[in-house]
Amino acid sequence: MANPIRRAAVAGSWYPASAEALAAAVDGYIAAADEGPPGLASLTAIIAPHAGLIYSGPVAAYAYRQLRHRSVDVAVLVGPSHFVGFNGVSILRTGGFDTPLGVAEIDDECAAAIAAATSIVRDHPAAHAREHSLEMQLPFLKRLAPQATIVPLVMGWQDADTARALGDALGASLQGRNALLVASTDLSHYHDARTAARLDAVVIDCISRFDANGLQAALDARPEHACGGGPTVAVMRAARRLGARDSVILKYADSGDVSGDKSAVVGYLAAALGSLASAGSGA
């Protein structure tokens, strides 16, 4: 098939399957996300969760509202593999991802440039078939940057070498492109809310300080800090190489804020990487 379209795996279960209902849900979450911290003058990357929309949508909206009034040509999505174990990073180079809001087309030229930049990025289509970590970003992307193409990247075993190599390759291959990096991750899983907040604070502190090495060290000690920790480290490294200077924590919450059950929660974070002031402002 010349231009394969990856079918949505969780439409109708993790988020509405109809375009009207999905657009209304996304619009509602964006409208409910208040101003929060100061926005960034330039935006290089966001960090957003990937649980079912009713749980993670209220948090993801804080990241994606940063796209309002901005243009994005290509969104490079980096998420973890939940179902398939493998070495390296799996890329889909052509075609697109189907969504109720239309097909998110893959930027084949950008995908080829990323794959050419490192041998750890390879073809492993099985990693994408059931994976929700990238799919859960698409409702927001299709609503807020509908013309943007995508490059889908799923990380297998999340070792430090893979995160470093991917970050460096993204930083090199995205130079000069109007690209947005998206790290897809949830934080700790199924602890009580107090314990979760303590574990999640370690990740939040590293991201707030724009400390990719510190986050990698925390993940080396306790990988359960974040299911997409490796993708987050890679995106932080790439964003730094692409000129981002600042990191802003936009929102933290847990699944118990929606379900009411604080005994076993999943943590969710929204953050943005870029620059608080333009390079020529003197600020």
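Whatever comes next refers back to the structure up there.
The paragraphs below set out a description of the structure included in this document. (Residues numbered from 1 in each chain as written. Predicted model: local features only at pLDDT ≥ 70, side-chain atom pairs only at ≥ 80, totals over all residues. Heavy atoms only, no water.)

Our next topic: the overall build of the chain. Looking only at helices and strands, one finds 10 helices and 12 strands in the chain. Buried positions account for 55% of the 283 residues belonging to the chain. In the chain, the proportion of contacts linking residues at least 24 apart, taken out of those at least 6 apart, comes to 83%. Working note: accessible area of the chain is about 11,300 Å², and carbon and sulfur atoms make up 51% of it. (Helix = DSSP H or I, 4+ residues; strand = E, 2+ residues; numbered from the N terminus. Buried < 20%, exposed > 50% of the residue type's maximum accessible area, 1.4 Å probe, protein only. Contact = heavy atoms within 4.5 Å. Areas by Shrake-Rupley, 256 points an atom, 1.4 Å probe, with all protein chains shown as cover.)

In the contact formed by helix α1 (residues 19-32) and helix α2 (residues 53-64), the axes pass within 8 Å of each other and the chain directions differ by 55 degrees. It follows that α1 is oblique to α2 by the angle criterion. Crossing of α1 over α2 shows right-handed handedness. Facing α1, whose interface residues are Leu22, Ala25, Tyr29, Ile30 and Ala32, α2 presents Leu53, Ile54, Gly57, Pro58, Ala61, Tyr62 and Tyr64. The class makeup of the residues in the contact of α1 with α2 is 11 nonpolar, 1 polar and no charged. (Axes fitted to C-alpha atoms, helices over the stretch in contact; angles between N-to-C directions. Parallel < 35°, antiparallel > 145°, perpendicular 65-115°, else oblique. Left-handed = near helix turned anticlockwise from the far one by under 90°. Nonpolar A, V, L, I, M, F, W, Y, C, P; charged D, E, K, R; others polar.)

Counting residues in each nonpolar core, the largest one holds 91 residues, and the members touching the most others are Tyr64, Val76, Phe140, Leu153, Leu166 and Leu170. Among residues more than four places away in sequence, those in contact with Phe140 are Val26, Tyr29, Ile30, Leu53, Gly57, Ala60, Ala61, Tyr64 and Ala145. (Core = buried A, V, L, I, M, F, W, Y, C linked by side-chain atoms within 4.5 Å.)

What follows covers the environment of Ala165. With respect to the secondary-structure elements, Ala165 resides in helix α6 (residues 160-173). C-alpha of Ala165 to C-alpha of Thr118: the two residues are 47 residues apart in sequence and 7.0 Å apart in space. Those residues in contact with Ala165 that lie beyond four places of it in its chain are Thr118 and Ile120.

Below, the discussion takes up the pairing of strand β3 (residues 74-80). Counted residue by residue, β3 has 7 buried out of 7 residues, so it is predominantly covered. Neither face of β3 is open: one carries Val74, Val76, Val78 and Pro80, the other Ala75, Leu77 and Gly79, and all of them are buried. Note: β3 against strand β9 (residues 179-184), 5 bridges, orientation parallel. Of the residues in β9, the one forming a bridge with Leu77 is Val182. (Pairing = 2+ DSSP bridges.)

What follows concerns the pattern of salt bridges. One pass over the structure, following the stated rule, counts 12 salt bridges. Between Arg241 and Asp168 there is a salt bridge, with the nearest N and O atoms lying 3.9 Å from each other. Linking Arg241 in helix α9 (residues 229-241) with Asp168 in helix α6, this pair joins segments that are 73 residues apart in sequence. Classification of Arg241 by relative accessible area gives partly exposed; the value is 43%. Residue class for Asp168 comes out partly exposed when judged on its relative accessible area of 25%. (Salt bridge = Lys/Arg side-chain N within 4 Å of Asp/Glu carboxyl O.)

Turning our eyes to something else, we now look at the packing of aromatic side chains. Each aromatic ring pair is characterised by the separation of its centres together with the angle its planes make. By the definition in use, this model includes 1 aromatic pair. Judged by centre distance (5.2 Å) and plane angle (10 degrees), the rings of Tyr64 and Phe140 are stacked. Taken together, the residues span a long stretch of sequence, with Tyr64 in helix α2 and Phe140 in helix α5 (residues 138-144) at a distance of 76 residues. Taken individually, Tyr64 and Phe140 each receive the classification buried, so the pair is uniform in this respect. When the ring centre of Phe83 is taken as origin, the NZ or CZ atom of Arg130, which lies over that ring, is 3.9 Å away. Above the plane of the ring of Phe210 lies Arg240, whose end atom (NZ or CZ) is 3.8 Å from the centre. (Phe/Tyr/Trp six-rings, centres within 6.5 Å; stacked < 30°, edge-to-face > 60°. Lys NZ or Arg CZ within 6 Å of the ring centre and 35° of its normal.)

One can find Thr162 in helix α6. Overall, Thr162 belongs to the buried group, its relative accessible area being 5%. In contact with Thr162, not counting residues within four places along its chain, are Gly88, Val89, Ile120, Met155 and Trp157.

Bringing the side chain of Glu131 into the picture now. Topologically, Glu131 is positioned in the loop between α4 (126-129) and α5. Here Glu131 occupies a buried position and makes no salt bridge, while the nearest side chain of opposite charge, Arg6, is found at 7.2 Å. Within the structure, the side chain of Glu131 is placed 2.9 Å from the backbone nitrogen of Ser133, a separation counted as a polar contact. Excluding residues within four positions of it along the chain, Glu131 makes contact with Arg6, Pro80, Ser81, His82, Phe83 and Val154. (Lys, Arg positive; Asp, Glu negative; His and termini not counted. Polar contact = N/O pair within 3.5 Å; in protein donor to acceptor, adjacent residues only side chain to side chain.)

By themselves these figures say nothing about function.
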